[in-house]
Amino acid sequence: MQNSASKLNLAHIRSEFPAINNEVAYLDNAGGSQVLRRVADRVRDYLLTSAVQLGASYAQSQDAGSKVLAARRSVAELINARHDDEVVMGGSTTSLMFQLTSAILPTVQPGDEIIVTNTDHEANIGGWMRLASAGAVLKIWEVNPETLELDLATLDTLLSPRTRWVAMTHASNILGTVNPVALVAERVHAVGGRLCVDAVAYAPHRLVDVQASGADLYVYSFYKVFGPHYAVLWGQRDLLLSLPSLNHYFIGPEVLPYKLQPGNVNYELSYGCMGISDYLIDVGTQLGSTGTARQKMQTAFDAFERHEDAICERLLAYLRDKKSVRIIGMDSAAMGGRVPTVSFMVAGTHSESIVRHTDRFGIGIRFGDFYAKRLVDGLGLQPQGGVVRVSMAHYNTMEEIDRLIRHLDEVIR
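Basis of the calculations
Residues numbered from 1 in each chain as written. Predicted model: local features only at pLDDT ≥ 70, side-chain atom pairs only at ≥ 80, totals over all residues. Heavy atoms only, no water. Helix = DSSP H or I, 4+ residues; strand = E, 2+ residues; numbered from the N terminus. Rg over C-alpha atoms; globule rule 2.2 N^0.38 Å. Buried < 20%, exposed > 50% of the residue type's maximum accessible area, 1.4 Å probe, protein only. Contact = heavy atoms within 4.5 Å. Areas by Shrake-Rupley, 256 points an atom, 1.4 Å probe, with all protein chains shown as cover. Lys, Arg positive; Asp, Glu negative; His and termini not counted. Charge placed at Lys NZ, Arg CZ, Asp CG, Glu CD. Salt bridge = Lys/Arg side-chain N within 4 Å of Asp/Glu carboxyl O. Pairing = 2+ DSSP bridges. Axes fitted to C-alpha atoms, helices over the stretch in contact; angles between N-to-C directions.

Within an unreviewed UniProt entry, the label attached to the chain reads Cysteine desulfurase-like protein, and the organism entered is Rhodoferax koreensis.

## Focus on the overall build of the chain
Looking only at helices and strands, the chain has 15 helices and 13 strands in total. For 413 residues, the compact-globule formula gives about 22 Å, and the C-alpha radius of gyration of the chain, at 22 Å, lands near that figure. For the chain, the spread of C-alpha atoms along the three principal axes comes to 65 × 50 × 40 Å. Out of the 413 residues in the chain, the part that is buried amounts to 56%. Once local pairs closer than 6 in sequence are excluded, the contacts in the chain between residues at least 24 apart make up 67%. Total accessible area computed for the chain in this model is approximately 16,600 Å², and 52% of it derives from carbon and sulfur atoms. Distance between charge centres in the chain, computed from 38 positive and 44 negative side chains, equals 2 Å.

## Some details on the pattern of salt bridges
Enumeration over the complete set of coordinates arrives at 23 salt bridges. One salt bridge connects Asp-45 with Lys-67, and the closest N-O pair in it is separated by 3.5 Å. You can see Asp-45 sitting in helix α2 (residues 37-49) and its partner Lys-67 sitting in helix α3 (residues 59-79), a full 22 residues away along the chain. When its relative accessible area of 14% is taken as the criterion, Lys-67 is described as buried. Each of Glu-16, Arg-38 and Asp-282 takes part in salt bridges that share partners, so that together they form one network.

## Here's the deal with the sheet that holds strand β7 (residues 217-221)
Taken in spatial order, the seven strands of this open sheet run β2-β8-β7-β6-β5-β3-β4, and their pairing is mixed. Each edge of the open sheet carries a strand with a single partner, namely β2 (87-90) and β4 (137-141). Strand-to-strand twist in this sheet, taken as the mean axis angle between neighbours without regard to direction, amounts to 15 degrees. The pairing of β2 with strand β8 (residues 231-235) spans four bridges and is antiparallel. Bridged to Gly-90 within β8 is Ala-231. Contacts from α3 reach β2, β7 and β8 within the one sheet, and its direction differs from that of β2 by about 110 degrees. Helix α4 (residues 93-104) rests against β2, β5 (163-169), β6 (194-198), β7 and β8 of the sheet, and its axis sits at about 155 degrees to β7.

Here is the structure:
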């Protein structure tokens, strides 16, 4: 059961993140969230009690192996994977995508078509571009420059019977827009293609459900979701089994997920990731949920979304009122459809100067292209130093947003 009227206890929430304090307003969360104490405690526990190689017969090795396997099962539940051996973990989304596209490379035939967007972080573009070396034809699904949306009608003109892969983001790390990936999946599958979704900017704000997404591959980084500098790649089991092994020659293509994890996972970081689920379940329980673990996590994320929409709308309302400001993306959070990552530019003002100003007051925001360089270049935003980006998380307060607005108002007319 869920109590939808429940609100987050922000004092308790913030106490879960040791680095959070009232002196610094940390609003650069799309670059990397704060880390849960629960995560750090698990990493510490593993290192101090279980730092042995896996696979041996002695008790300590067996116990360590059980912890790493439990971590994989925890991640599978967090993302709603059918099988825990569909969970591939590694150092970052970028590294996992390069590994994945390296595994796909031998399957590419000349003339195979791959569609990427110009709104993605380069992590979900660069590896696909390299498949041109095997004869793949790359197509670009470009954002509508007026609406700043990825139009499904435009995708329809790009899809063909030769489409093998479409790669897109679930939520843009600049625009903040949540994209309809399930609708895209239907279109892609209808022509016999597959869909790869980058959820790095989505996963901190919504409960991931890889099955409901319709994707064939789904990837994001835990260090954007309150965890360690680590990442997960999920893939449909049959698809992963069809790929060649990237591991030693004696690790066969049937050995999931190890064949796609050369050198194996990082044991302590994998174990640390269990702290993310622990936290979400605890928040959901405090909010009144008495259901399954995922129902409790959903309750937590529902509350996160309500709070994030409120603080995001406070900032957007201020920016909408400034004639010199151009919001890059949806200009309201009132109707949903976006995450609390807000990018903007001020006419006649270099974006860096705005950020340097807020730096003086202990406010952490950022400027630049955020590795979505194709989007920033395509919209002609680079000459001003890219966008100013304010990226909020559920532990940010309305007071922090008001503090930011107060100091932005000193430089925005």
